[in-house]
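# Working through the structure, step by step
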Amino acid sequence: MAVGAAAAKLHLSSAAAAARRPSLLHLAAVAVLCSLSYLLGIWHHGGFSAAPAAGAGAAVSIATAVSCASPTPTVSAGSSSSPSSSAGPLDFAAHHTAEGMEAEAAPRQRAYEACPAKYSEYTPCEDVERSLRFSRDRLVYRERHCPASDAERLRCLVPAPRGYRNPFPWPASRDVAWFANVPHKELTVEKAVQNWIRVDGDKFRFPGGGTMFPRGAGAYIDDIGRIIPLHDGSIRTALDTGCGVASWGAYLLSRNILAMSFAPRDSHEAQVQFALERGVPAMIGVLASNRLTYPARSFDMAHCSRCLIPWQLYDGLYLIEIDRVLRPGGYWILSGPPINWRKHWKGWARTREDLNAEQQAIEKVARSLCWKKVKEENDIAIWQKPTNHIHCKTIRKVIKSPPFCSSQNPDAAWYDKMEACITPLPEVNDLKEVAGGELKKWPERLTAVPPRIASGSIEGVTEEMYVEDTELWKRRVGHYKSVISQFGQKGRYRNLLDMNAKFGGFAAALVDDPVWVMNMVPTVGNSTTLGVIYERGLIGSYQDWCEGMSTYPRTYDLIHADSVFTLYNGRCDMENILLEMDRILRPEGTVIVRDDVDLLVKIKSIADGMRWNSQIVDHEDGPLVREKLLLVVKTYWTLGDNKQ
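Residues numbered from 1 in each chain as written. Predicted model: local features only at pLDDT ≥ 70, side-chain atom pairs only at ≥ 80, totals over all residues. Heavy atoms only, no water.

- The name given to the protein chain in an unreviewed UniProt entry is Methyltransferase, with Panicum hallii var. hallii as the source organism.
- For the record of the protein chain, the UniProt heading Sequence similarities (unreviewed entry) holds the text "Belongs to the methyltransferase superfamily." (UniProt positions renumbered as here; feature names shortened; annotations may be inferred.)

## Let's talk about the overall build of the protein chain
- Counting its secondary structure elements, the protein chain contains 19 helices and 19 strands.
- Buried residues in the protein chain amount to 55% of all 644 residues.
- Contacts in the protein chain between residues at least 24 apart in sequence constitute 70% of all its contacts with a sequence separation of at least 6.
- Element-wise, carbon and sulfur atoms account for 54% of the exposed surface of the protein chain, whose accessible area totals about 27300 Å². (Helix = DSSP H or I, 4+ residues; strand = E, 2+ residues; numbered from the N terminus. Buried < 20%, exposed > 50% of the residue type's maximum accessible area, 1.4 Å probe, protein only. Contact = heavy atoms within 4.5 Å. Areas by Shrake-Rupley, 256 points an atom, 1.4 Å probe, with all protein chains shown as cover.)

## Focus: the side chain of Asp557
- Locating Asp557 in the fold gives a position in strand 16 (residues 556-562).
- Taking the relative accessible area as the measure of exposure, Asp557 reaches 10% and is therefore buried.
- Engagement of the side chain of Asp557 in a polar contact is seen with the backbone nitrogen of Arg494, the distance being 2.8 Å.
- Reaching out from Asp557, the side chain makes a polar contact with the backbone nitrogen of Asn495 at a distance of 2.7 Å.
- Other than its neighbours up to four places away in sequence, Asp557 contacts Tyr493, Arg494, Asn495, Leu585, Arg586, Gly589 and Thr590. (Polar contact = N/O pair within 3.5 Å; in protein donor to acceptor, adjacent residues only side chain to side chain.)

## Things to note about the environment of Lys203
- You can see Lys203 is positioned in strand 5 (residues 203-205).
- Taking the C-alpha atoms as reference, Lys203 lies 9.3 Å from Asn181; in sequence the two are 22 residues apart.
- In this view, Lys203 contacts Phe168, Val176, Ala177, Trp178, Phe179 and Arg198; residues no more than four positions away in its chain are not counted.
- At 3.1 Å, the side chain of Lys203 forms a polar contact with the side chain of Asp202.

## Re the nonpolar core
- Counting 135 residues, the largest nonpolar core has Met301, Trp311, Trp332 and Met581 as the members making the most contacts within it.
- The next biggest cluster of nonpolar side chains, apart from the first, holds nine residues, and it includes Ala177, Trp196, Phe206 and Ala270. (Core = buried A, V, L, I, M, F, W, Y, C linked by side-chain atoms within 4.5 Å.)

## A short note on the state of the cysteines
- Going through the model one piece at a time under the given rule, you end up with six disulfides.
- Here Cys125 is linked by a disulfide to Cys146, with a sulfur-sulfur distance of 2.0 Å. Disulfide Cys125-Cys146: the torsion about the S-S bond is 110 degrees, which places it as right-handed. One end of the pair, Cys125, is in the loop between helix 2 (102-105) and helix 3 (128-131); the other, Cys146, is in the loop between helix 3 and strand 3 (176-178), and 21 residues separate them in sequence. (Disulfide = S-S within 2.5 Å.)

## Remarks on the pattern of salt bridges
- Inspection of every chain in the model, using the stated rule, returns 40 salt bridges.
- Between Glu321 and Arg324 there is a salt bridge, with the nearest N and O atoms lying 2.8 Å from each other. With Glu321 and Arg324 both in helix 8 (residues 317-325) and three residues apart, the pair spans about one turn of that helix. As far as the burial class goes, Glu321 and Arg324 line up, both buried.
- Between Glu427 and Lys393 there is a salt bridge, and its shortest N-O distance comes to 2.7 Å. One end of the pair, Glu427, is in the loop between helix 11 (390-395) and helix 12 (444-447); the other, Lys393, is in helix 11, and 34 residues separate them in sequence.
- Exposure remark for Glu427: the relative accessible area of 63% places this residue in the exposed category.
- Classification of Lys393 as partly exposed rests on a relative accessible area of 31%.
- Ionic contacts of the salt-bridge type, sharing partners, join the residues Arg476, Arg594, Glu620 and Glu627 into one network. (Salt bridge = Lys/Arg side-chain N within 4 Å of Asp/Glu carboxyl O.)

## Some words on the sheet that holds strand 6 (residues 237-241)
- Sheet architecture is open: seven strands sit in the order 8-7-6-9-10-12-11, paired in mixed fashion. Of all strands in the sheet, those with a lone pairing partner are strand 8 (282-284) and strand 11 (372-377), marking the two edges. The sheet shows a mean angle of 20 degrees between the axes of neighbouring strands, taken without regard to direction.
- Where strand 6 meets strand 7 (residues 258-263), five bridges bridge the pair, whose relative direction is parallel. Bridge pairing links Thr241 to Phe262 in strand 7. (Pairing = 2+ DSSP bridges. Axes fitted to C-alpha atoms, helices over the stretch in contact; angles between N-to-C directions.)

## A closer look at the pairing of strand 15 (residues 540-543)
- The pairing of strand 14 (residues 516-522) with strand 15 spans four bridges and is parallel. Residue pairing in the sheet places Val521 in a bridge with Tyr542 of strand 15.
- With respect to chirality, the unit in which strand 14 leads through helix 16 (residues 530-535) into the neighbouring parallel strand 15 is right-handed. (Right-handed = clockwise from strand over helix to strand, strands pointing away.)

## Comments concerning the sheet that holds strand 17 (residues 585-596)
- A sheet is described by the order of its strands in space; here seven strands give the open sequence 15-14-13-16-17-19-18, paired in mixed fashion. The sheet is open, and its two borders are formed by strand 15 and strand 18 (612-617), each paired with just one other strand. When the angles between neighbouring strand axes are averaged without regard to direction, this sheet yields 20 degrees.
- Taken strand by strand, helix 18 (residues 574-584) contacts strand 13 (495-498), strand 16, strand 17, strand 18 and strand 19 (627-634), and its axis lies near 145 degrees from that of strand 17.

Next up, the structure:
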């Protein structure tokens with residue numbers, strides 16, 4: 001009986017197996033096809049990476065999940081090794097392996113060492129030691145002076161200070177930052193009575209005060225708003241000269257006004273670095289001999305609150321430069337010496353006569369630029385630039401100085417010297433017409449065709465091209481968010497950099513996210529588009545990526561590089577650009593490189609030696625497009641992490 005039962009059971013099992021045979025053959029065929037497809041993908045992407053090193057960044061491993069069931073790789077959150085990380089780093093966990101394939105596709109990998117501790121705040125083009133070689137006249141020594149040769153360049157990774165933490169998410173970061181990230185107490189002592197900044201245990205707190213706004217930046221901005229229209233969308237872009245810790249710009253953000261703040265390196269220790277830790281746009285910069293790195297007609301208003309710039313000197317050269325970058329009808333705001341000197345002259349330790357003479361000299365320069373004084377009230381004085389130069393050209397027949405500039409390019413501003421002449425506005429036919437074209441109010445101006453394009457003043461660019469570009473970047477940013485899960489997480493990113501911004505489409509597509517984007521337009525190629533970016537109500541600067549950027553280390557949470565390496569191929573060493581990207585990227589920050597696959601394979605071979613974990617993934621239009629994406633996460637490591 002038992003034997004018979006066993007035989008019957010075996011017979012049934014064999015019958016079941018026979019019944020399953022076609023299904024198993026089918027599955028085997030599918031598996032073979034998937035494997036062939038996958039191996040083709042390996043070849044197409046340049047192979048797989050080696051396994052990551054153990055240590056603080058070991059939670060971030062290389063390669064992305066690719067399978068037949070999920071052809072689009074997704075970058076998801078992993079665990080974080082850094083203190084107080086609000087979200088984990090990108091996870092490039094490998095789900096497949098193929099030995100020996102990357103070595104054939106890419107150059108041999110080099111491992112980059114950490115720089116010595118003294119370089120943790122290194123800014124290559126504003127290096128303090130190098131600057132001492134240059135003239136102190138008119139602060140020329142504080143301008144950009146980049147390494148003159150490869151021998152001066154660092155070939156190491158700029159370290160984060162010990163105890164570095166991911167910054168607080170916006171908007172909390174406006175008011176608080178980690179002390180370990182910017183370990184400088186100088187400002188807390190020097191500006192103790194002015195409510196700029198104070199130490200609170202392991203944090204800095206920013207109460208929003210300023211030298212000329214003891215009631216706080218919010219109340220100060222409200223005072224300005226009672227004089228000029230800050231609330232109707234007509235003012236969107238602002239320039240803050242000598243910005244301190246950028247509280248003015250920080251508090252303008254809640255009013256939908258985007259400020260570009262700048263101050264010199266080490267005028268007060270790390271003031272621009274504090275601004276960036278707060279999640280506020282800022283750059284290192286100074287008014288000295290070179291033009292500001294922005295095109296003509298960029299800003300809706302410019303501001304100086306006790307910025308210590310001698311506006312009346314050098315034939316009014318610095319006010320003339322402000323006039324160049326102000327939009328027609330734009331405003332200039334001045335508070336601090338000499339405004340309201342009758343009240344403050346004793347506190348400023350200057351004579352009444354001296355302060356009165358300074359104010360009269362400033363007023364004279366403003367009149368020579370055809371500016372109209374809107375109002376002086378308490379500690380604030382505001383002037384307005386004319387909307388066109390019809391009337392001003394008539395006045396020039398009587399007042400000869402300063403003359404109108406004759407042959408210069410008004411937008412040229414990369415090591416171009418300032419000149420004591422008025423940048424002429426575009427011609428108009430009527431006194432009521434706005435030179436260069438009237439802008440829409442914010443937010444309509446973000447997507448409206450910019451006047452520079454509508455007028456045909458940018459060669460080779462049509463309205464249709466601009467509209468198509470705007471839609472293209474909406475789709476591309478949507479794709480980024482589908483492959484990088486952190487991109488959709490509120491608070492994961494704040495400071496973003498677009499290294500090749502073109503019309504600012506990448507930034508425009510992110511306008512509803514709690515981020516800001518620094519739109520850099522390379523000085524090679526078509527650099528005329530930066531004016532378009534400002535007409536859209538966005539901010540940015542010129543940049544030559546063969547040189548360092550005027551910002552501190554660990555400035556950006558995410559860097560976007562669209563065709564940058566194609567643009568600079570043969571112009572300068574790819575390694576130099578990548579090391580600069582590493583310098584300005586925060587630990588656990590993200591990089592998106594969009595470029596030709598052959599270049600990406602070379603970039604990846606360098607990046608994987610820089611404590612970056614990376615993966616090449618397909619273009620949003622599929623695997624047959626030669627352009628690919630290199631997705632990168634910078635691992636967390638700080639000074640003293642030798643195991644890294």
